[in-house]
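# Observations on chain architecture
So the chains spell out like this:
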Amino acid sequence: MSQALRRLRGVDKISESNIAEALAEVRTALLSADVHFRVAREFCERVREACLGQAVLASVTPGQQAVKIIHDELVKLLGAGTQELSPVRPLCVMMVGLHGSGKTTSSAKLAKFLTKRGNYKPCLVACDIYRPAAIDQLETLAGTVGAKFYCERDCKDVPAIAERGLKFALENFCDLVIFDTAGRLQIDEALIDEIKRLRERVAMQEVLLVADAALGQEAVNVAKRFHEAVNLTGLVMTKLDGDARGGAALSMKTITGVPVKFMGTGEKVEDFDFFHADRMAQRILGMGDVVSLVEKAQENIDAAEAARLAAKMKKADFDLEDFLAQLRQMKKMGPLGGIVKMLPGMSGVEVGEKEEKKMVRTEAIILSMTREERAKPEILNGSRRARIAAGSGTKVADVNALIKQFSQMRQMMKMLKGGKAKNIMRSLGAMRGNAGGNPFGRGRFF
Ligand SMILES: Nc1nc2c(ncn2[C@@H]2O[C@H](COP(=O)(O)OP(=O)(O)OP(=O)(O)O)[C@@H](O)[C@H]2O)c(=O)[nH]1
Ligand SMILES: [Mg+2]
């Protein structure tokens, strides 16, 4: 994606020719996120139409604007259709899907989730009769989430079990009945036939296809087959806590038109939520939300002040006072972690409390200096440093470290001015105190 957008840098109007290459890259990005090739192609076509002829806004680059358009198109596609379940009570929900996709876990999660939100009284019905362990698993989960439970351990007639399960639920005043069905490694006719008969026998308001986010290119066939057979009303994407980029969500949604209603985000019964199209879009794109970063930055940073600091940096007479101003501007933008996450390629970088604390400490140290000291750090002798440490509640070693880092930074600016690239690289390494990797990891200023 970053590469795609680099191509759009410097153009002032998005046109047929300059978008073609960028879109080819977008397509590659989608494919590598496991989006089905046909879906990726259709999606790019939509984006092309949305982009063409749009004049580039003055405040953002064409690349950033394109990201926003792509992002918005994705959200539109993923979020289309209602997430709401049928309001009918009693509400019957059938869970279907491939083997191991998370049907049983999601049945319990859904019971818990809806009970909390909709004040339902849930009952779980075991319709996976092929492994005794499957029944035990659902029974345990029902206990965990406080749902009624129905099973028949020696009956092999699934539709009949479901029908009696519904009767049991109603007799127990339950108004949410979730039927957990069996999965298969591949979709086979017997499985499809069984859930078809089940659906005919018990009137289901909701039929949810549970799909692992890591499902790759075959997601399209799986969704199509299940939808043709049992007329799905929603999708549940599971294991979104894993590494998968989740292109399956886009593929399935596009092919069937069935809305994604829920997402599973962990192994615990409370790791379940309504589907968030915007979060999913960002995940599929694999980059932070550049545009909202731009917006946030524009809201909070005083452009004139930033220009003044940049000019000082160039002239290499940047002092600790300026450094303090810069720190404060960063603080205004909100928690550091949130900002760093929005930068492309930095979504995996953790900036936690530790780094935030360091930033506060750095600020305290500078605030404990006199104006003269801030302008001329070289006058900071031993007794001045001890006074500053005491004043800021830090140790002399912290003050020393800050001053050392600062003078290295200044050194680097001087070299920048002189254009000695090699020396600059060396100083950069020294200043960061770590060779490559996470630039925030062991940085000393924050
Ligand atoms: N990390 C993570 N694990 C999940 C999630 N949902 C389900 N799992 C795990 O995936 C495995 C399979 O889940 P099940 O609920 O048993 O899947 P199933 O579709 O009922 O499987 P079969 O009944 O064998 O077809 C279990 O180890 C679950 O804990 C999720 O959202 N995140
Ligand atoms: Mg199961």
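First, a word on scope: everything that follows refers to the structure included in this document. (Residues numbered from 1 in each chain as written. Chains lettered and ligands numbered in written order. Predicted model: local features only at pLDDT ≥ 70, side-chain atom pairs only at ≥ 80, totals over all residues. Heavy atoms only, no water.)

Quick look at the overall build of the protein chain now. A tally of regular secondary structure across the protein chain gives 20 helices and 8 strands. The buried share of the protein chain, reckoned over its 446 residues, is 49%. Here the analysis covers contacts within the protein chain between residues at least 6 apart in sequence; of these, 73% occur between residues at least 24 apart. Approximately 21100 Å² of the protein chain is accessible, and the part contributed by carbon and sulfur atoms is 53%. (Helix = DSSP H or I, 4+ residues; strand = E, 2+ residues; numbered from the N terminus. Buried < 20%, exposed > 50% of the residue type's maximum accessible area, 1.4 Å probe, protein only. Contact = heavy atoms within 4.5 Å. Areas by Shrake-Rupley, 256 points an atom, 1.4 Å probe, with all protein chains shown as cover.)

As a further point, take the nonpolar core. Within the largest apolar cluster, 71 residues are counted, with the highest numbers of intra-cluster contacts made by Leu78, Phe179, Phe226 and Met252. Looking at this core, you find at least three residues from each of domain 1 (2–80) and domain 2 (91–274). Core analysis: the second largest hydrophobic core is formed by 27 residues, Leu114, Leu138, Val145 and Val269 among them. (Core = buried A, V, L, I, M, F, W, Y, C linked by side-chain atoms within 4.5 Å. Domains from an automatic or database assignment.)

Let us now look at the sheet that holds strand E4 (residues 176–181). Backbone hydrogen bonds are what pair the strands of a sheet, in a parallel or an antiparallel way. The strand order E3-E2-E4-E1-E5-E6-E7-E8 describes an open sheet built from 8 strands, whose pairing is mixed. The open sheet terminates on both sides in strands that have one partner only, identified here as strand E3 (148–150) and strand E8 (272–274). Between one strand axis and the next, the sheet turns by 25 degrees as a mean value, whatever way the strands run. By the bridge criterion, 3 bridges tie strand E6 (residues 234–238) to strand E7 (residues 260–264) in an arrangement that is parallel. Bridging from a neighbouring strand, Val236 pairs with Phe262 of E7. Of the strands in this sheet, strand E1 (91–96), strand E2 (122–127), E4, strand E5 (206–212), E6, E7 and E8 are in contact with helix H5 (residues 103–118), which crosses E4 at around 170 degrees. (Pairing = 2+ DSSP bridges. Axes fitted to C-alpha atoms, helices over the stretch in contact; angles between N-to-C directions.)

Taken together, 19 residues lie near ligand 1, and Gly102, Lys103, Thr104, Thr105 and Asp241 sit nearest. One nitrogen or oxygen atom from the side chain of His99 is found 3.1 Å from an oxygen atom belonging to ligand 1. Compared with its free state, where it exposes 650 Å², ligand 1 has 82% of that area covered by protein. With 4 residues, the single largest contributor to the shell around ligand 1 is H5. (Near = heavy atom within 4 Å. Polar contact = N/O pair within 3.5 Å; in protein donor to acceptor, adjacent residues only side chain to side chain.)

A full pass over the atoms with the stated rule returns 6 aromatic pairs. Ring geometry for Phe113 against Phe262: centres 5.8 Å apart, planes inclined by 80 degrees, an arrangement best described as edge-to-face. Taken together, the positions of Phe113 in helix H5 and Phe262 in strand E7 put the pair 149 residues apart, joining distant regions of the chain. The residues Phe113 and Phe262 share a single accessibility class, namely buried. (Phe/Tyr/Trp six-rings, centres within 6.5 Å; stacked < 30°, edge-to-face > 60°.)

This part is about the pattern of salt bridges. Overall, the coordinates contain 20 salt bridges when judged by the stated rule. With a closest N to O distance of 3.2 Å, Arg46 and Glu73 form a salt bridge. Linking Arg46 in helix H3 (residues 37–51) with Glu73 in helix H4 (residues 62–79), this pair joins segments that are 27 residues apart in sequence. Under the relative-accessibility criterion, Glu73 is labelled buried at 8%. The partner of Glu321 in a salt bridge is Arg371, with the nearest N and O atoms 3.1 Å apart. (Salt bridge = Lys/Arg side-chain N within 4 Å of Asp/Glu carboxyl O.)

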